[in-house]
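Okay, here's what each chain looks like letter by letter:
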Protein chains: 2
Amino acid sequence: MKRIAVDAMGGDRAPEEIVRGSVAAAKRGIDVVLVGEEGRIGPLLERLGTDLPVVHATEVIEMGEDPAGAIRRKKDASISVAARLVASGEAAGMVSAGSTGAAMAAAAFLIGRLPGVARPAVASLFPPGTVVIDAGANLDCRADHLLQFAVMGTAFAQVHRGEEHPRVGLLNIGEEPGKGRNLERDAFPLLAAADGVHFVGNVEGRDIGGDRVDVIVTDGFTGNVLLKTAEGAARTVLRLILEAVSGEEYQEPLARLMPALAGLRARIDPEAVGGAFLLGVRGVVVIAHGSSSRAAIENAIVMAEEGVRGDLVGRIAAALPGGPGGGP
Amino acid sequence: MKRIAVDAMGGDRAPEEIVRGSVAAAKRGIDVVLVGEEGRIGPLLERLGTDLPVVHATEVIEMGEDPAGAIRRKKDASISVAARLVASGEAAGMVSAGSTGAAMAAAAFLIGRLPGVARPAVASLFPPGTVVIDAGANLDCRADHLLQFAVMGTAFAQVHRGEEHPRVGLLNIGEEPGKGRNLERDAFPLLAAADGVHFVGNVEGRDIGGDRVDVIVTDGFTGNVLLKTAEGAARTVLRLILEAVSGEEYQEPLARLMPALAGLRARIDPEAVGGAFLLGVRGVVVIAHGSSSRAAIENAIVMAEEGVRGDLVGRIAAALPGGPGGGP
């Protein structure tokens, strides 16, 4: 069963953009089921002249709600119904652009952790290809959590980047061993000794998007700052460049560079990545940006399907201590 | 006395680039004294056909050395001699492109903290103008440390950005109050209640270089990651753009955009900033990049002199609890 359950009600542009993105993914051959209010999803599908399976859900968790409380209270929320489809095996993965906290809570309570996983973690793919884990699930971490993140991030990079031995770096404030807080000083030897982790030592914020490291391991607070800073700085530089060449005299030469720049934009566009993965649970869970357009949702579904096809969950289970493969 | 002591022996390109940058700053009317080996500095000055006061120092602290131990052992290191000139009042500020740790240790041991300062902190100016404090001095912080950083960062932005009421934000992983680790949750109400701090709430990594906040307050680990990530992402975007337009057909239109782009580069060039400030000690201390060129050193000296002229140290002393002004 390779079905992907899509929370049609989550996200700023739900349900329309979610439904359109799902239709586009289905046209690429992916088995998609939409979860949400039939009364709103049905007419949209009809208008698009197409059909997709829909599982009805009567409730929606809003962005401001306390995630854990909302998951407990709203049994029939779209995100919860989607998570139960994964838990029961009716779907292999799920995608949501709704509240990140609600998706994490639904995954933790309804899908459940893999054996041996202390803390599920969020893995984000920074364009054009660095994995950052944890990107925001666990704000306070211990060194052994970082070790598990390294193992899960390795599996993620194997599946999504096709790297057999992805290079794993520990985010720090300098390259020399011994740098950092107690967390980094304790995690360094664990990572260096871990089987199946190709540890390249300490890396720095400037290595994101570069060619030194494939997987950056850190706590969820720092990882979230890292990603948002990199996205923000990239956007600032692009904005400053466009402002600098906004004069009339620059429009003609700028137009001639556009073919090259449009290709670049597509390559570094966060929408092309689709979403972040919650790793360490018993199913593929993709958390898309709240502002996801149809294209972002389509990409998120494609990535979820890749995770299913590449047996991301099985690889993580096999690599962790409680899993069948032993692992570190 | 507005004299600035420059560690002529610190940095990858010392002493030549340091001496040349100092000569350039002196030509702009700044009273500079060079500290280091007379036998190496004298001939350089002679070759440049100019003269500057030199205070002889026989030793140099290398980049790899344990900072605190080196400061204790090498009494006649150039950085220590420079710090003693500040401590004695013979200089009002110092600039070094040598080991950051050694400069911090020299400032702490030889110049000393201002009354009421729990932890001196590094303030960095991210081009085109966001102050980040702490940028790396204190990896583990308490909420009351962050409050002091906010006060010191405010004084810094007043002097160096000419903002009377600079907006101070707490770096976090979301804008809503209540987000973050215990550190952020504890610091938020302290910052909100602080006199003389124009607190605008939580900010995110993406706000660096933007228009929402003038001073970003965080612990030294996260601040260091923030700055290096922003610099790295900015560089990566520039590199990807240049790669995208590297084809022969793009060279002519690119050349026509160059006047605008060259101006931008000057605006966002880290060398234009010159260095980071160590705040909370009894003198102006500027820590320049290890790779500083003569232009970077010149800018660092200009910034140190601005700090002296704007009474940065006096403002911080007046704003902190132990200082004459009372403060928060």
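First, a word on scope: everything that follows refers to the structure included in this document. Quick caveat: nothing in here was measured; it's all calculated off a predicted structure. (Residues numbered from 1 in each chain as written. Chains lettered and ligands numbered in written order. Predicted model: local features only at pLDDT ≥ 70, side-chain atom pairs only at ≥ 80, totals over all residues. Heavy atoms only, no water.)

The two copies are related by a screw operation: chain A maps onto chain B through 180 degrees of rotation and 0.0 Å of translation along the axis, at an RMSD of 0.0 Å. The superposition operator between the copies reduces to a two-fold rotation axis. The position closest to the rotation axis in chain A is occupied by the C-alpha of Pro253 of chain A, lying 2.2 Å away. Here 100% of the contact residues of chain A are again contact residues in chain B; the copies associate through an equivalent surface. (Least-squares fit on C-alpha atoms with pLDDT ≥ 70 in both. Contact = heavy atoms within 4.5 Å.)

Residue and element names in this part refer to chain B. Across the interface, helix H6 (residues 143-161) lies against helix H7 (residues 182-193) with an axial gap of 8 Å and an inter-helix angle of 45 degrees. The angle between the axes of H6 and H7 places the two elements in the oblique class. In terms of crossing hand, the pair formed by H6 and H7 is right-handed. Between H6, through Ala143, Asp144, Leu146, Leu147 and Ala150, and H7, the contact on the second element is made entirely by Leu183, Asp186, Ala187, Leu190 and Leu191. Split into classes, the residues belonging to the contact of H6 with H7 amount to 8 nonpolar, no polar and 2 charged. (Axes fitted to C-alpha atoms, helices over the stretch in contact; angles between N-to-C directions. Helix = DSSP H or I, 4+ residues; strand = E, 2+ residues; numbered from the N terminus. Parallel < 35°, antiparallel > 145°, perpendicular 65-115°, else oblique. Left-handed = near helix turned anticlockwise from the far one by under 90°. Nonpolar A, V, L, I, M, F, W, Y, C, P; charged D, E, K, R; others polar.)

Before going further, it helps to spend a moment on the packing of aromatic side chains. Applying the stated criterion across every chain, the model contains 4 aromatic pairs over all chains. With 4.9 Å between their ring centres and 70 degrees between their planes, Phe156 of chain B and Phe277 of chain B make a pair best called edge-to-face. Of this pair, Phe156 of chain B sits in helix H6 while Phe277 of chain B sits in strand E10 (residues 275-279), placing them 121 residues apart in sequence. Each of the two residues, Phe156 of chain B as well as Phe277 of chain B, counts as buried. Above the ring of Phe221 of chain A, the side-chain terminus of Arg181 of chain B is found at 3.7 Å from the ring centroid. (Phe/Tyr/Trp six-rings, centres within 6.5 Å; stacked < 30°, edge-to-face > 60°. Buried < 20%, exposed > 50% of the residue type's maximum accessible area, 1.4 Å probe, protein only. Lys NZ or Arg CZ within 6 Å of the ring centre and 35° of its normal.)

Next up on the list: the interface of chain A and chain B. Of the residues lining the interface, 46 residues belong to chain A; the matching set on chain B comes to 46 residues. For the chain A and chain B pair, buried surface summed over both sides reaches about 4300 Å², with 72% attributable to carbon and sulfur atoms. Along the contact surface separating chain A from chain B lie 4 salt bridges. Between Glu252 of chain A and Arg256 of chain B there is a salt bridge, with its nearest N and O atoms 2.8 Å apart. Applying the counting rule to chain A against chain B returns 7 residue pairs in polar contact (both at pLDDT 80 or more). Where the side of chain A that touches chain B is concerned, the elements lending two or more residues are helix H8 (220-244) and helix H9 (251-268) of chain A. If you tally residues by element for the side of chain A that touches chain B, the top one is H8 of chain A, at 19 residues. (Buried area = accessible area lost by both parts, 1.4 Å probe. Salt bridge = Lys/Arg side-chain N within 4 Å of Asp/Glu carboxyl O. Polar contact = N/O pair within 3.5 Å; in protein donor to acceptor, adjacent residues only side chain to side chain.)

It is worth spelling out the sheet that holds strand E11 (residues 284-288) of chain A at this point. Residue and element names in this part refer to chain A. Pairing in this open sheet of 11 strands is mixed, and the strands run E3-E2-E1-E4-E11-E10-E5-E6-E9-E7-E8 from one edge to the other. Edge positions in the sheet fall to strand E3 (54-56) and strand E8 (198-203), since each of these pairs with one other strand and no more. Looking at each pair of strands side by side, their axes are set apart by 25 degrees on average, direction ignored. Here 4 bridges tie strand E4 (residues 93-96) to E11, and the two strands are oriented parallel to one another. Each residue of the ladder has a partner; that of Val95, found in E11, is Val286. Across the sheet, helix H2 (residues 38-47) is in contact with strand E2 (32-36) and E3; its angle to E2 comes to roughly 135 degrees. (Pairing = 2+ DSSP bridges.)

So, about the pairing of strand E1 (residues 4-7) of chain A. Residue and element names in this part refer to chain A. The two faces of E1 match: Ile4 and Val6 on one face and Ala5 and Asp7 on the other face are all buried. Sheet analysis places E1 next to E2, joined by 4 bridges and oriented parallel. Paired with Ala5 across the two strands is Val33, which belongs to E2. Remark: the E1/helix H1 (residues 16-27)/E2 crossover connection has right-handed handedness. (Right-handed = clockwise from strand over helix to strand, strands pointing away.)

On to the environment of Lys179 of chain B. Residues and elements named next belong to chain B. Note on placement: Lys179 falls in the loop between strand E7 (167-171) and H7. Once the C-alpha coordinates of Lys179 and Ala123 are considered, the two residues, 56 residues apart in sequence, prove to be 24 Å apart. If sequence neighbours within four positions are ignored, Lys179 has contacts with Asn172, Gly174, Glu184, Arg185 and Asn202.

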